[in-house]
Amino acid sequence: KDFKDQMIIDAGQKHYGAIICKSCGMIYTAASPEDEAQHIQHHQRFLEGIKYVGWKKERVVAEFWDGKMVLVLPDDPKYAIKKAEDVRELVDNELGFKQIVLSCPSKIKTYFFVSNERKIVGCLIAEQIKQAFRVLSEPNVPQSPNQDVLQHHRAWRCSIKPEAAICGISRIWVFSLMRRRGIARRMVDVVRNTFMYGCYLSTDEIAFSDPTPDGKLFATKYCQT
Ligand code: ACO
Ligand code: ZN
């Protein structure tokens, strides 16, 4: 198979001896048979999951030099819904979400970013909401050895005052090897433009739910600019 398609990563002590697979992005230790078995399993499932064959009546909402965006709506044919569910499962797995039930499946809009190589390298799940609680910025705490732990803590401080919002982003994900190329930014831009017919939503009208550290860094940056 194509597992030779790898490279040794040079990320210092922490990942010493680790390999990153160039197709699925998994980091593992080649010396460990257990790791390698886990990789093979992940590799196949992941590549199958992000494979995009395309549909005759796909809804293309944006086109870019490096791919396009496709929107899947709740009333779409079964194969489209199935793909949306499969990708959501992959994303939830990576985010560590376990069997989270969508609050209202009939209002979910799933956006895919499909690369020119026909892979789903970005996914955004948006739903209509009425209100949101703003995440408050952290007070300036002095540097401490615990900083890392604090920064990776999930419980951000939230305002207790609800604010009107229209579009809730419940998941945003970009394939690990394609990050920092503006894919997430472009996906949110397109959502703001297509979520509600005829309006361009302001950054105050969109809300990110339960952000991860990556998600928070992205959202903070996005909403400022
Ligand atoms: N660290 C610091 N700044 C960041 C990061 C980061 N990890 N990610 C994005 N930013 C900021 C940068 O300023 C960036 O601009 P720059 O690259 O010119 O400096 C700007 O946001 C725009 O970033 P994009 O390239 O558009 O973001 P990307 O395509 O890399 O996707 C995402 C960001 C979706 C958060 C990605 O890192 C990811 O999939 N992470 C894992 C899954 C995850 O945690 N998703 C968020 C869950 S929370 C939720 O779904 C509501
Ligand atoms: Zn792999």
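Relevant structure appears above.
Predicted, not measured: the structure shown is a model, and the values here were computed from it. (Residues numbered from 1 in each chain as written. Chains lettered and ligands numbered in written order. Predicted model: local features only at pLDDT ≥ 70, side-chain atom pairs only at ≥ 80, totals over all residues. Heavy atoms only, no water.)

Chemist: Please provide a residue-by-residue account of the coordination of the zinc ion (ligand 2), values included.
Modeler: Protein coordination at the zinc ion (ligand 2) comes from Cys 21 (SG), Cys 24 (SG), His 39 (NE2) and His 43 (ND1), with a distance range of 2.0 to 2.4 Å. Each donor residue of the zinc ion (ligand 2) belongs to the same chain, with the gaps between them written as C-x2-C-x14-H-x3-H. What makes Cys 21 buried here is its relative accessible area of 1%. (Donors = N, O, S within 2.8 Å, 3.2 Å for Na, K, Ca; no water. Buried < 20%, exposed > 50% of the residue type's maximum accessible area, 1.4 Å probe, protein only.)

Chemist: Describe the sheet that holds strand β4 (residues 59-64), naming the residues involved and giving the relevant values.
Modeler: Here we have six strands laid out as an open sheet, ordered β4-β5-β6-β7-β10-β11, and mixed in their pairing. Each edge of the open sheet carries a strand with a single partner, namely β4 and β11 (206-208). Pairwise comparison of adjacent strand axes, ignoring direction, gives a mean angle of 25° for this sheet. Sheet analysis places β4 next to strand β5 (residues 67-72), joined by five bridges and oriented antiparallel. Bridge pairing in β5 links Glu 63 to Lys 68. Along the sheet, helix α4 (residues 183-194) makes contact with β4, β5, β6 (108-115), β7 (120-128), β10 (167-174) and β11, crossing β10 at roughly 150°. (Pairing = 2+ DSSP bridges. Helix = DSSP H or I, 4+ residues; strand = E, 2+ residues; numbered from the N terminus. Axes fitted to C-alpha atoms, helices over the stretch in contact; angles between N-to-C directions. Contact = heavy atoms within 4.5 Å.)

Chemist: Can you break down the pairing of β10 residue by residue, with the values?
Modeler: Among the eight residues of β10, seven are classified as buried, and the element is accordingly described as predominantly covered. Alignment of β7 against β10, held across seven bridges, turns out to be antiparallel. Bridge pairing in β10 links Cys 123 to Trp 173. With three bridges joining them, β10 and β11 adopt parallel strand pairing. What sits directly across from Cys 167, in β11, is Ile 206. Note that the unit made of β10, α4 and β11 has a crossover that is right-handed. (Right-handed = clockwise from strand over helix to strand, strands pointing away.)

Chemist: Break down the site of ligand 1 for me, citing the residues and quoting the values.
Modeler: Lining the immediate environment of ligand 1, one finds 22 residues, of which Ile 172, Val 174, Arg 180, Gly 182 and Thr 212 sit closest. Within the contact set of ligand 1, a nitrogen atom lies 3.2 Å away from a side-chain nitrogen or oxygen of Asp 214. Bound to the protein, ligand 1 loses 83% of the 960 Å² it would expose on its own. The leading source of residues in the shell around ligand 1 is β10, at six residues. Looking at the shell around ligand 1 residue by residue, the classes come out as ten nonpolar, five polar and seven charged. (Near = heavy atom within 4 Å. Polar contact = N/O pair within 3.5 Å; in protein donor to acceptor, adjacent residues only side chain to side chain. Areas by Shrake-Rupley, 256 points an atom, 1.4 Å probe, with all protein chains shown as cover. Nonpolar A, V, L, I, M, F, W, Y, C, P; charged D, E, K, R; others polar.)

Chemist: Now, about the packing of α4 against helix α5 (residues 213-224): what can you tell me, with residues and values included?
Modeler: For the pair α4 and α5, the least separation of the axes is 11 Å and the interaxial angle reads 55°. When the axes of α4 and α5 are compared, the pair comes out oblique. You can see that α4 and α5 cross each other, and the crossing is right-handed. Along the contact surface, α4 presents Ala 184, Arg 185, Val 188, Asp 189 and Arg 192, while α5 presents Phe 218, Lys 221 and Tyr 222. Its residues assigned to classes, the contact of α4 with α5 shows four nonpolar, no polar and four charged. (Parallel < 35°, antiparallel > 145°, perpendicular 65-115°, else oblique. Left-handed = near helix turned anticlockwise from the far one by under 90°.)

Chemist: Break down helix α1 (residues 33-50) for me, citing the residues and quoting the values.
Modeler: For α1, with 18 residues, the first-to-last C-alpha span of 26 Å sits near the 26 Å given by 1.5 Å per residue. Turning to α1, the residues buried within the fold contact β2 (18-21), β3 (27-29), α2 (78-95), β7 and β10. (Expected span 1.5 Å × (residues − 1).)

Chemist: Would you mind going over the environment of Phe 133 in detail, with residue names and values included?
Modeler: Among the secondary structure elements, Phe 133 is positioned in strand β8 (residues 131-135). By relative accessible area, which is 42% here, Phe 133 ends up partly exposed. The spatial distance from the C-alpha of Phe 133 to the C-alpha of Trp 55 is 38 Å, given a sequence separation of 78 residues. With residues up to four places along the chain from it excluded, the contact list for Phe 133 reads Cys 158, Ser 159, Ile 160, Lys 161 and Pro 162.

Chemist: Just give me the short version of the packing of aromatic side chains, but keep the residues and values in it.
Modeler: This structure, assessed with the given rule, holds eight aromatic pairs. Between Phe 46 and Phe 175 the ring centres are 5.3 Å apart and the planes differ by 40°, which places this aromatic pair in the tilted class. Note that Phe 46 is positioned in helix α1 and Phe 175 in the loop between β10 and α4, a separation of 129 residues in sequence. Assessed through its relative accessible area of 8%, Phe 175 is described here as buried. With a centroid separation of 6.2 Å and an interplanar angle of 85°, the aromatic rings of Phe 64 and Trp 65 are classed as edge-to-face. Using a relative accessible area of 23% as the deciding quantity, one classes Phe 64 as partly exposed. Aromatic rings pair up to connect Phe 46, Trp 173 and Phe 175 into one cluster. Its guanidinium or amino end placed over the ring of Phe 64, Arg 186 lies 4.8 Å from that ring's centre, counting from NZ or CZ. (Phe/Tyr/Trp six-rings, centres within 6.5 Å; stacked < 30°, edge-to-face > 60°. Lys NZ or Arg CZ within 6 Å of the ring centre and 35° of its normal.)

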